[in-house]
Amino acid sequence: MLNQMNLNSASIKRDWSDHAIWWEQKQRWLLRTSWTLEKYGIHADARLLYMPQHKPLKLGLPNGITLRLHACFSSPVFQTLMGICRMLNIRHPEELSLLRPLEEKKKKKDKDSAEEIYDLTEIFSPLKSSFAVSRPCLYNGMPAHFADSPKMEAIYKMLSVTQPPPAPEVVAKQYRPASVVDKAHINGRWLDSSRCLIQQGIRENDRLWLRFKYFAFYDIEPKYDVVRLTQLYEQARWSILLEDIDCTEEEMMLFGALQYHISKVSQSEPKLLSSSAAMDDLESALQSLEVKMDGESSSASEIFVVKLKHVTICFRPKKLTLKGYKQYWFKFQDTSISYYKSKEESIGEPIQQINLRGCEVAPDVNMAAQKFLIRLLIPAPEGMNEVYLRCENEQQYAQWMAACRLASKGKSLADSSFQSEIKSIHSFLAMQRTNPSSHGNTPANDESINTHSLVSPRYHKKYKTKQLTPRILDAYQNVAQLSLTDALTRFLQIWQALPDFGLSYIVVRFKGSRKDEVLGIAPNRLIRIDLGVGDVVKTWRYNNMKQWNVNWDIRQMAIEFEGNVNIAFSCVTADCKIVHEFIGGYIFMSTRSREKSDTLNEELFHKLTGGHEAL
């Protein structure tokens, strides 16, 4: 039939190079052109479709913009994603993935309002594999394929410039997860990276979301990562506005102030981001205020003692446990904390010595309440022990926080970066400090500020607009002098410092248990959470993991950790392939290094995430 069509329409020229045969019954592409149909096992009753491999797809970005572009329907989703990210000038596509969108409940009056879709299908030819590998050449700060016409330049600007604060009705219309179970259901929508789009039921002109899936951001450079940094900010902003991640009231006001500032500066600055000597490498800034360690560590064993008696410590293995803080005398030596009942007893044996190498350090600060807590997760044979240090004031907190961060990376307090770390922490705290004297210089009623667009709906139920406005403007005084790049970076720093940052939830049933529980998947650990009360039951780190296996027949995961610790569970709200891919993906992220940053080891990614379907 195809040959007959060509004879009857010889005057019509068409490029068939992108077409391939799809075997419908077996859900398989026949891409090996050297193979015969007999070798594929195809018989006379097989239904074969000859169709293009690249088809239009509607893609929703984190900033709310919808694009219509050509995507490859015959390659694994990971390769398709690489092509999309290469087109949009987003480096490190391994950090992102595609997921099915949530169904929106449209009201009657919304039926007539057509969504604006920006079409890229007429500009770009179908993407070849080589298109998704190398770094693009930039012309006037954008890829050459976006510089062809004013229309394309305008689309690229929408990708690379932060969007203004959303209208209140837009925020109200968005889906807000009400519980951890709702968040878990969203994570069940990720596509399988090892299978192609059509194998997963995606058809031409279907809608998908492009989102950051792995919260391990690497090698961010403003010169090359304009779109990546902007879209990351937008995803972080919506996670705050929709209460996908919890934060304190003080942090919410600071988030609102930063959004207000970013919106104002992005309208006045001609360029989104400019490269500077101080900000050429944002990797350290995006790692929760970790400063770049460019000095060599001293090998001297130096003892550092904070000579303030009111450092207190409390062991709280569960999130909601209520215990008082007990006062001890502490001292730091190398990478360990030792604590004693009093200063006089510090010359003898300590009550306990805690080695901080490899631990996790997180802040828990409220400047208004003068609350300065340091949260430590200490590796233990059966998981992680949770420890809180409470400091008396800001100066003490900055010293101990800096010391703990260096110790977690195996560096002593003699390291040359110690003072830089303290200075960075003070800078971070200064943004959260309220300025009562600044109210006289700040307009009591700024018409350009719309609090409904800057804070989550919960705070509009709690406070009136006239109460929120001065608080946001007060926080704004601490960030008003930041450049756009610095403001975006600060927003992401505070976002990454939140206790629940980077957690992806899946409802699971552990082997031997009669009730469902929640598995929290973080960039460096797994967390077992009680579904009823939210307590952290157990934590396991990836670097203590010996192996993990999936029984694909019964869809059960089994993980073995050091110390003869074994766990097994089945997944309730997602396929076990999604959990397997999360774990393998995060382990892959940890293998990246600066020397290999320009090349993506696709084979290793599929080996770690593909399971029995690995290519």
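If you're wondering where the values come from, they're calculated on a predicted model, not measured in any experiment.

1. Some details on the confidence of the model for the chain
- On average, residues of the chain score 82 in pLDDT, and 80% of them are at 70 or above.
- Confidence drops under a pLDDT of 50 for residues 125–134, and excluding neighbours within four residues, the segment shows 16 contacts in the predicted structure.
- Low confidence marks residues 272–310, where pLDDT is under 50. Its contacts with residues over four positions away, or in another chain, come to 108 contacts.

2. Remarks on the pattern of salt bridges
- Under the defined criterion, the tally for this structure stands at 27 salt bridges.
- Here D192 and K577 are joined by a salt bridge, their closest N and O atoms 2.9 Å apart. A residue pair is termed long-range when its members are at least 10 positions apart, and D192 in the loop between α6 (180–187) and β10 (207–212) and K577 in helix α14 (residues 576–590) qualify at 385 residues.
- Residue D192 is classed as buried on the basis of its relative accessible area, which comes to 10%.
- For K577, a relative accessible area of 6% corresponds to the buried category.
- Of the charged contacts, one joins E243 and R458 as a salt bridge, the two residues approaching to 3.7 Å between their closest N and O atoms. A residue pair is termed long-range when its members are at least 10 positions apart, and E243 in the loop between α7 (226–241) and α8 (249–268) and R458 in helix α11 (residues 457–462) qualify at 215 residues.
- Each of the salt bridges in this network shares a partner with another, and the network as a whole consists of R91, E94, E95, D219, E221, D225, R228 and R592.

3. So, the packing of aromatic side chains
- Counted according to the given criterion, the structure contains 28 aromatic pairs.
- Relative to Y50, the ring of W16 lies with its centre 6.0 Å away and its plane at 25°, an arrangement referred to as stacked. Of this pair, W16 sits in the loop between α1 (2–8) and β1 (19–23) while Y50 sits in strand β3 (residues 48–52), placing them 34 residues apart in sequence.
- An aromatic cluster is defined as three or more aromatic residues linked by ring pairs; in this entry it consists of F212, F215, F217, W495 and F501.
- Cation over ring: R211 sits above W209, and NZ or CZ is 4.7 Å from the ring centre.

4. As for the nonpolar core
- L67, L88, L197, W495, L526, F569 and I583 are the most contacted members of the largest nonpolar core, which totals 116 residues.
- In this structure I583 touches L526, Y542, M545, W548, M557 and I559, once residues within four positions along its chain are discounted.

5. Points about the sheet that holds strand β25 (residues 556–561)
- Spatial strand order, β23-β22-β21-β20-β26-β25-β24: 7 strands in an open sheet with antiparallel pairing. Looking along the sheet, the strands with just one partner apiece sit at the ends: β23 (536–541) and β24 (545–551). Direction aside, the axes of adjacent strands within the sheet are offset by 30° on average.
- Pairing between β25 and strand β26 (residues 565–571): 6 bridges, direction antiparallel. Considered in β26, the bridge of I559 is made with I567.

6. Considering helix α4 (residues 150–160)
- Regarding α4, the residues found buried are M152, I155, Y156, L159 and S160. Buried residues in α4, looked at end-on, bunch into an arc of 130°, giving them a common side. For α4, exposure combined with an orientation more than 90 degrees from the buried face picks out P150 and K157.

7. Digging into the pairing of strand β6 (residues 96–99)
- Side chains L96 and L98 of β6 all project onto a buried face; the interleaved residues S97 and L99 project onto the opposite face, where all are buried too.
- Alignment of β6 against β10, held across 4 bridges, turns out to be antiparallel. Opposite L99, over in β10, you have W209 as the bridge partner.

The rules we used
Residues numbered from 1 in each chain as written. Predicted model: local features only at pLDDT ≥ 70, side-chain atom pairs only at ≥ 80, totals over all residues. Heavy atoms only, no water. pLDDT = per-residue confidence, 0-100. Contact = heavy atoms within 4.5 Å. Salt bridge = Lys/Arg side-chain N within 4 Å of Asp/Glu carboxyl O. Helix = DSSP H or I, 4+ residues; strand = E, 2+ residues; numbered from the N terminus. Buried < 20%, exposed > 50% of the residue type's maximum accessible area, 1.4 Å probe, protein only. Phe/Tyr/Trp six-rings, centres within 6.5 Å; stacked < 30°, edge-to-face > 60°. Lys NZ or Arg CZ within 6 Å of the ring centre and 35° of its normal. Core = buried A, V, L, I, M, F, W, Y, C linked by side-chain atoms within 4.5 Å. Pairing = 2+ DSSP bridges. Axes fitted to C-alpha atoms, helices over the stretch in contact; angles between N-to-C directions. Arc of directions from axis to C-beta.

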